[in-house]
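Architecture and fold: a report
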Amino acid sequence: MAKKTLKFEEAMSALEQIVRQLESGNVPLDEALDKFKEGMELSQFCNETLTKAEETVRAMITVNAEGKEA
């Protein structure tokens, strides 16, 4: 899955699916390790995306609070 073209909502959905599969306990160990790795990568992507969005909102609030146009 190419993270560069992945949208946040798609990444979250894929992550939720991986969590459900792993929680089922019906995944062979090798596959579970691969899914865990993919899940960690998706989690990091989602976290970075949320952090960037938060920084953008904070910057807009700061600009707006200073009386400038956002």
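Check the entry above for the structure.
Residues numbered from 1 in each chain as written. Predicted model: local features only at pLDDT ≥ 70, side-chain atom pairs only at ≥ 80, totals over all residues. Heavy atoms only, no water.

**Here we look at the nonpolar core**
Going by this rule: Among buried residues, the Ala, Val, Leu, Ile, Met, Phe, Trp, Tyr and Cys ones that are joined through side-chain atoms within 4.5 Å form a nonpolar core. Only protein chains enter the accessibility calculation, which uses a 1.4 Å probe; a residue whose area is less than 20% of its type maximum is buried, one above 50% is exposed, and one in between is partly exposed. Secondary structure is summarised from DSSP: a helix means a run of H or I of at least four residues, a strand means a run of E of at least two, and numbering begins at the N terminus for each.
Among the nonpolar cores identified, the biggest contains eight residues, and these are L6, A11, A14, L15, I18, L42, F45 and C46. Among the secondary structure elements, those contributing two or more residues to this core are helix 1 (8–24) and helix 2 (29–65). For this core, the leading source of residues is helix 1, giving four residues.

**Topic: helix 2**
A turn of α-helix holds 3.6 residues, and therefore any two residues three or four places apart point the same way. Formally: By this rule, a helix spans an expected 1.5 Å times one less than how many residues it contains. Pairs of residues are marked as contacts when any of their non-hydrogen atoms sit within 4.5 Å.
For helix 2, built from 37 residues, the straight-helix expectation of 54 Å at 1.5 Å per residue is met to within 8% by its first-to-last C-alpha distance of 53 Å. All buried positions along helix 2 are accounted for by A32, K35, G39, L42, F45 and C46. Along its buried surface, helix 2 packs onto helix 1. Just beyond helix 2, the residue with positive phi is G67, at close to 85 degrees.

**Some words on the pattern of salt bridges**
The line we're drawing: We define a salt bridge as a contact between a side-chain nitrogen of Lys or Arg and a carboxyl oxygen of Asp or Glu at a distance within 4 Å.
With the rule as written, the count across this model stands at one salt bridge. Across the pair R58 and E54 runs a salt bridge whose closest N-O atoms are separated by 3.7 Å. Of this pair, R58 and E54 both sit in helix 2, four residues apart, which is roughly one turn of that helix. Note on E54: relative accessible area 44%, which makes it partly exposed.

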